[in-house]
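Examination of the molecular architecture
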Amino acid sequence: MKKKIKRFERLATIRKKDVSKEINNSNLVQNEITKNEGLIDQINTIMESTENNASNKIINSGYFKNNAQLFATLQSQKNIASNRNQYLRTEKETIRKKIIQNNFKKIKAEEKARDYKRNYISEFENKNY
């Protein structure tokens, strides 16, 4: 009986470690999401400022070509950042589900350990009487 109690106590401890590890992973993913959102905002700001700088005057072909390349590069970078952000959000959701599952398993292991302790104590008391 003592072995079962120890086993479930260890299992609960392992689940606690898993939960804390997943929470740490979730925090790291959230930091990356925040960085990506900042990057997307910076790209939008750059794109808006270059649009506002364009005047109605005649634009030479070199400036137009460089501006078009800049917009294409910025748009591709924005698409990459948006896709990465979407991936990170789904990853965060997956991590959140893992946290819930591990927390549930930890609670179950703690309950089992308590039940075995109660049974062990009651058997021990019955033997003494």
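Overview of the structure. (Residues numbered from 1 in each chain as written. Predicted model: local features only at pLDDT ≥ 70, side-chain atom pairs only at ≥ 80, totals over all residues. Heavy atoms only, no water.)

1. Points about the overall build of the chain
In terms of regular secondary structure, the chain is built from 2 helices and 0 strands. Burial analysis of the chain (129 residues in total) assigns 20% to the buried set. Intrachain contacts of the chain at a sequence separation of at least 6 include 94% that bridge at least 24 residues. Of the roughly 10000 Å² of accessible surface on the chain, 52% is carried by carbon and sulfur atoms. (Helix = DSSP H or I, 4+ residues; strand = E, 2+ residues; numbered from the N terminus. Buried < 20%, exposed > 50% of the residue type's maximum accessible area, 1.4 Å probe, protein only. Contact = heavy atoms within 4.5 Å. Areas by Shrake-Rupley, 256 points an atom, 1.4 Å probe, with all protein chains shown as cover.)

2. Thoughts on the packing of aromatic side chains
Tallying each qualifying case throughout the model produces 1 aromatic pair. Centre to centre, the rings of Phe8 and Tyr116 are 5.6 Å apart; their planes meet at 20°, and the pair counts as stacked. Linking Phe8 in helix 1 (residues 2–53) with Tyr116 in helix 2 (residues 61–128), this pair joins segments that are 108 residues apart in sequence. Both residues of the pair, Phe8 and Tyr116, belong to the buried class. (Phe/Tyr/Trp six-rings, centres within 6.5 Å; stacked < 30°, edge-to-face > 60°.)

3. Things to note about the environment of Arg15
Positionally, Arg15 belongs in helix 1. Counting along the chain gives 90 residues from Arg15 to Lys105, while the straight-line C-alpha distance between them is 6.9 Å. The contact partners of Arg15, leaving out residues within four places of it in the chain, are Asn102, Lys105 and Lys106.

4. Some remarks on the side chain of Glu22
With respect to the helices, strands and loops of the structure, Glu22 is situated in helix 1. Other than its neighbours up to four places away in sequence, Glu22 contacts Ile95, Lys98, Ile99 and Asn102.

5. Details of the environment of Ile23
Along the chain, the position of Ile23 falls in helix 1. Sequence separation of Ile23 and Ile99 is 76 residues, and the distance between their C-alpha atoms is 7.0 Å.

6. Examining the pattern of salt bridges
Counted under the stated rule, the structure contains 8 salt bridges. Residue Arg84 pairs with Glu32 through a salt bridge whose shortest N-O separation is 3.2 Å. Separated by 52 residues along the polypeptide, Arg84 in helix 2 and Glu32 in helix 1 bring together distant segments of the chain. Classification of Glu32 as partly exposed rests on a relative accessible area of 26%. Glu93 serves as the salt-bridge partner of Arg96, at 2.5 Å between the closest nitrogen and oxygen. Residue Arg96 and its partner Glu93 are both found in helix 2; the two are separated by 3 residues, about one turn of the helix. Put simply, Glu32, Lys35 and Arg84 are held in one network by salt bridges that share partners. (Salt bridge = Lys/Arg side-chain N within 4 Å of Asp/Glu carboxyl O.)

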